[in-house]
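Commentary on secondary and tertiary structure
One-letter residues, chain by chain:
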Amino acid sequence: MHRFLLTPRWWGINVFVALAVPFCLFMGSWQLGRFEDRVATHREASAARPAGAAAAPLASLLPVDKKTSGRLASVSGEYADQLLVPERRLDGKAGFYVLTLLRTDSGKAVPVVRGWLPGAADAGRAPAAPTGRVEVTGALQASETSTSKGVYSRGGLPAGQLGVISAASLVNMVPYELYDAWLTVQMPADGLTPVPAQAPTNTGLDLKAFQNLGYTGEWFVFVAFVLFMWFRLYRREVEALRDAEAGLLPADPASEAPAAAPAGAGGGPQVTASARPAE
């Protein structure tokens, strides 16, 4: 009954199933692991920082990663160029950041977002930075990119404005070296509203995370589909053999066809040609 499983056709089907099932299980488990990693990094990034945690020197927290993003960093130096970062929303309101470059003792500068103001970007409304040597403490942030949420990446900004907070955007605007990071002051002065620290990129439960979860389900559905199709083909083959044994199906349909009578055999006169009428 089951000897058909050893035919070349079924060898091909069985080999395909034997390879497809573990491959789909592996891919599904891999996608599930990616989702679990994103959940873990989201929890780590969104975890509250210890209250009263002491600020660490800026140099000790670089480069910015998932652990150091949002940490309080301290650095000393003198404020230099001041820029505005337009079209930044805070608590659902449109406004702009006041960003000032702080030239540190190392010679490099770090962008410092001193706070946020509502309305359109206006240099006349932005308070001037303190003069002389200052000690700045702020939450450490990774440089933005053109795909970061909320950035102005269309270009065409007037002089003195910056769309993306990053060393790559500032390198052609200032004549000194820059740290690949920036600080946001959590206790600003001069009526500025503090800009809260952002979680590092690719650490939230965003669309990519739920795509990983969706792909996990798809791979496991593929496993069930492959097994279902194998069982369906197997059952159809077995039922066809049982029907043939029970006489419900002809064993050889060609043998059941009526045989054609040979030419010239008995059973009545045969006309081979028609007579032409005499003229």
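Use the structure listed above.
Notes on the structure follow. Residues take numbers from 1 onward in each chain, read along the sequence in its written order. Local features are withheld for residues below a pLDDT of 70 in this predicted model, meaning they are given only at 70 or higher, and side-chain atom pairs are given and counted only at 80 or more; totals for whole chains, interfaces and linings count all residues. Working from all heavy atoms in the structure, the side-chain values ignore hydrogens and water.

1. So, the overall build of the chain
Operational definition: A run of H or I in DSSP becomes a helix once it reaches four residues, and a run of E becomes a strand once it reaches two; helices and strands are each numbered from the N terminus. Burial classification: accessible surface area is computed with a 1.4 Å probe over protein chains only, and a residue below 20% of its type maximum counts as buried, one above 50% as exposed, and the rest as partly exposed. In this analysis, two residues are considered to be in contact whenever any of their non-hydrogen atoms come within 4.5 Å of each other.
When helices and strands are counted, the chain shows three helices and six strands. Listed by position from the N terminus, the elements making up the chain come as α-β-β-β-β-β-α-β-α. In the chain, which comprises 279 residues, the proportion classed as buried is 33%. Considering only intrachain contacts with a sequence separation of at least 6, the fraction spanning at least 24 residues in the chain is 65%.

2. Considerations on the pattern of salt bridges
Just so we agree on the cut-off: For this document, the term salt bridge refers to a Lys or Arg side-chain nitrogen within 4 Å of an Asp or Glu carboxyl oxygen.
In total, this model carries four salt bridges according to the counting rule given. One salt bridge in this structure joins Glu 237 and Arg 9, with 3.4 Å as the shortest N-O distance. Here Arg 9 lies in helix H1 (residues 8–46) and Glu 237 lies in helix H3 (residues 207–245), a separation of 228 residues in the sequence. Judged by relative accessible area, Glu 237 falls into the partly exposed class, the value being 25%.

3. Details of the nonpolar core
Worth spelling out the cut-off: Among buried residues, those of type Ala, Val, Leu, Ile, Met, Phe, Trp, Tyr and Cys that are joined through side-chain atoms within 4.5 Å constitute a nonpolar core.
Counting 18 residues, the largest nonpolar core has Tyr 97, Leu 99, Leu 101, Val 113, Ile 165 and Leu 178 as its most contacted members. Counting residues per element, the ones that place at least two in this core are strand S2 (72–90), strand S3 (93–104), strand S4 (109–118) and helix H2 (167–170). One finds Leu 58, Tyr 79, Val 110 and Val 134 within the second-largest nonpolar core, a separate group that totals 17 residues.

4. Re a nonpolar patch on the surface
Going by this rule: Here the term patch refers to residues with relative accessible area over 30% and no salt bridge, with like charges joined within 9 Å and nonpolar side chains (Val, Leu, Ile, Met, Phe, Trp, Tyr) within 5 Å. Shrake-Rupley sampling with a 1.4 Å probe provides the accessible areas, and residues are treated as covered by the protein chains on show and by no other component.
Taken together, the side chains of Leu 6, Trp 11, Val 15 and Leu 19 present a nonpolar region at the surface, about 450 Å² in accessible area. Along the chain, Trp 11 turns up in helix H1. Judged by relative accessible area, Trp 11 falls into the partly exposed class, the value being 48%.

5. Looking at unusual backbone geometry
For the bond from Leu 62 to Pro 63, the omega torsion is -5 degrees, close enough to zero to count as cis. Within the secondary structure, Pro 63 sits in the loop between strand S1 (56–57) and S2. At Asp 190, a residue that is not glycine, the phi angle is positive and equals roughly 60 degrees. With respect to the secondary-structure elements, Asp 190 resides in the loop between strand S6 (181–184) and H3.

6. Quick word on the pairing of S2
Our working definition: At least two bridges found by DSSP between two strands is the condition for calling them paired.
Across two bridges, S1 lies against S2 in parallel orientation. What sits directly across from Pro 57, in S2, is Ser 74. Where S2 lies against strand S5 (residues 133–142), seven bridges are found, and the strand directions are antiparallel. From the neighbouring strand, Ser 76 faces S5, where its bridge partner is Glu 135. Hairpin connection from S2 to S3: two residues lie between these consecutive antiparallel strands, with Asp 91 at a positive phi of about 55 degrees.

7. Details of the environment of Leu 162
As for its placement among the helices and strands, Leu 162 is situated in the loop between S5 and H2. Owing to a relative accessible area of 3%, Leu 162 belongs among the buried residues under this scheme. Sequence separation between Leu 162 and Met 173 is eleven residues, and the spatial gap between their C-alpha atoms is 9.4 Å. Once residues within four sequence positions are removed from consideration, Leu 162 is found in contact with Leu 83, Leu 84, Val 85, Pro 86, Leu 99, Leu 157, Ser 169, Leu 170 and Met 173.

8. Remarks on the pairing of S5
As paired strands, S5 and S6 are joined by four bridges and run antiparallel to one another. What sits directly across from Gln 141, in S6, is Trp 182.

9. What about the packing of aromatic side chains?
In this description, an aromatic ring pair is defined by two values, namely the gap between the centres and the angle between the planes. Rule in force here: Think of it this way: a Phe, Tyr or Trp ring, Trp meaning its six-membered ring, pairs with another when their centres are within 6.5 Å, and the plane angle makes it stacked under 30 degrees, edge-to-face over 60, tilted otherwise.
One pass over the full model with this rule turns up five aromatic pairs. Ring centres of Trp 10 and Trp 230 lie 6.1 Å apart, and the angle between their planes is 90 degrees; on these two criteria the pair is classed as edge-to-face. Taken together, the residues span a long stretch of sequence, with Trp 10 in helix H1 and Trp 230 in helix H3 at a distance of 220 residues. Overall, the relative accessible area of 25% leaves Trp 230 in the partly exposed class. Aromatic pair Phe 23 and Trp 219: ring centres 5.6 Å apart, planes at 85 degrees, arrangement edge-to-face.

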